[in-house]
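Observations on chain architecture
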Amino acid sequence: MTITSAQAKISPSVLLAAASIVVIWPTAFSFIKMGLEYFSPLGLMTFRMLCGMAAMLAYVLVRRYPLPRGRDLLALAISGLCGVGLYSYFINLACQTITAGETAFLIALNPLFVALAGWWFYQEKIGYKTLTGMAISLSGVGLITLSSHGISLELGTLYGVMSGLAFAVYIVVQKPLFSRYPMDLIGAYSAIFGGLFFLPFLPSVSHELFAPLPLKAYLIFVYLGLVSTAAGFLVWSYVLKHVTRMQAASIVYLLPFSAAVNAMWMTHEYMAPSAW
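Basis of the calculations
- Residues numbered from 1 in each chain as written.
- Predicted model: local features only at pLDDT ≥ 70, side-chain atom pairs only at ≥ 80, totals over all residues.
- Heavy atoms only, no water.
- 1 Å grid on protein atoms, 1.4 Å probe; cavity = no way out; pocket = protein on both sides within 12 Å on 5 of 7 lines; lining within 4 Å.
- Points joined across faces, edges and corners; volume = space filled by probe spheres on them.
- Helix = DSSP H or I, 4+ residues; strand = E, 2+ residues; numbered from the N terminus.
- Nonpolar A, V, L, I, M, F, W, Y, C, P; charged D, E, K, R; others polar.
- Salt bridge = Lys/Arg side-chain N within 4 Å of Asp/Glu carboxyl O.
- Buried < 20%, exposed > 50% of the residue type's maximum accessible area, 1.4 Å probe, protein only.

Overall, the coordinates contain 2 cavities of 30 Å³ or more when judged by the stated rule. Here the largest cavity is characterised by a volume of approximately 70 Å³. If you trace the largest cavity, you find it lined by Trp25, Ala28, Phe29, Ile32, Arg48, Tyr87, Ile91 and Ser228. Elements supplying a minimum of two residues to the lining of the largest cavity: helix H1 (12-35) and helix H3 (70-94). Ranked by residues supplied to the lining of the largest cavity, first place goes to H1 with 4 residues. The class makeup of the residues in the lining of the largest cavity is 6 nonpolar, 1 polar and 1 charged.

So, about the pattern of salt bridges. This model, assessed by the stated rule, comprises 2 salt bridges. One salt bridge in this structure joins Asp184 and Arg63, with 3.5 Å as the shortest N-O distance. Note that Asp184 is positioned in helix H8 (residues 183-198) and Arg63 in helix H2 (residues 41-63), a separation of 121 residues in sequence. Under the relative-accessibility criterion, Arg63 is labelled partly exposed at 45%. Residues Asp72 and Arg180 are paired through a salt bridge, measuring 2.9 Å at the closest nitrogen-oxygen approach. Remark: Arg180 occurs in the loop between helix H7 (155-174) and H8 and Asp72 occurs in helix H3; sequence separation between them is 108 residues.

Function cannot be read off these values alone, since they describe shape.
Next up, the structure:
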């Protein structure tokens, strides 16, 4: 299915899938914040990625999906590294010093990066509406930084921006694959590659699993692996197949508000009023 930038109509099933993403993914910010009470950022990330990878390996085996080859395999590897692995890891690092809501708002820089990448790699035009959105995004980053940390730039802010950049790479790299592969194959292999990149870190963090931890700690990374990573990226691949790059990036604009509300409920974190 080919979708041009002129197509603005989205089917009800795609809208429902997008709505589920707006609900499910923002919970990850709060679960990460809670998980960091029990695990290191690398440990939580590794356990989450391997849990998601195991689920997706089972999925592709049941579906009997072949492994793509050549440049497509490389594209999936980059997609998994950036959009699944680095995106989530930078969120872990950001949540150490700034709130879950602030992290989510910084990731809303994603449309800016997607627009620039589309212009650079695909010669897509950047209209005045997109330029206005870029200006708003940059202003938002400035407000979050100043309202929370004064004129000093918190390291967590940089990690939040880097997370948004990694996810933009994921959107741009993955989109051309939908004309050649089923959407769930792309989502599944992206999650598998995301796990593979963190597999070498397992020996150095495995001791964290055997510490005296409550059941809640284990349920956190299982939720992150099965729901946020495995199910989340399968649904997101379905959405991404049926919308343009800019429409997909626009959906990301809704995530921060959902994440901020969720953080107030789950972790009792409140952003400064000016950051909204």
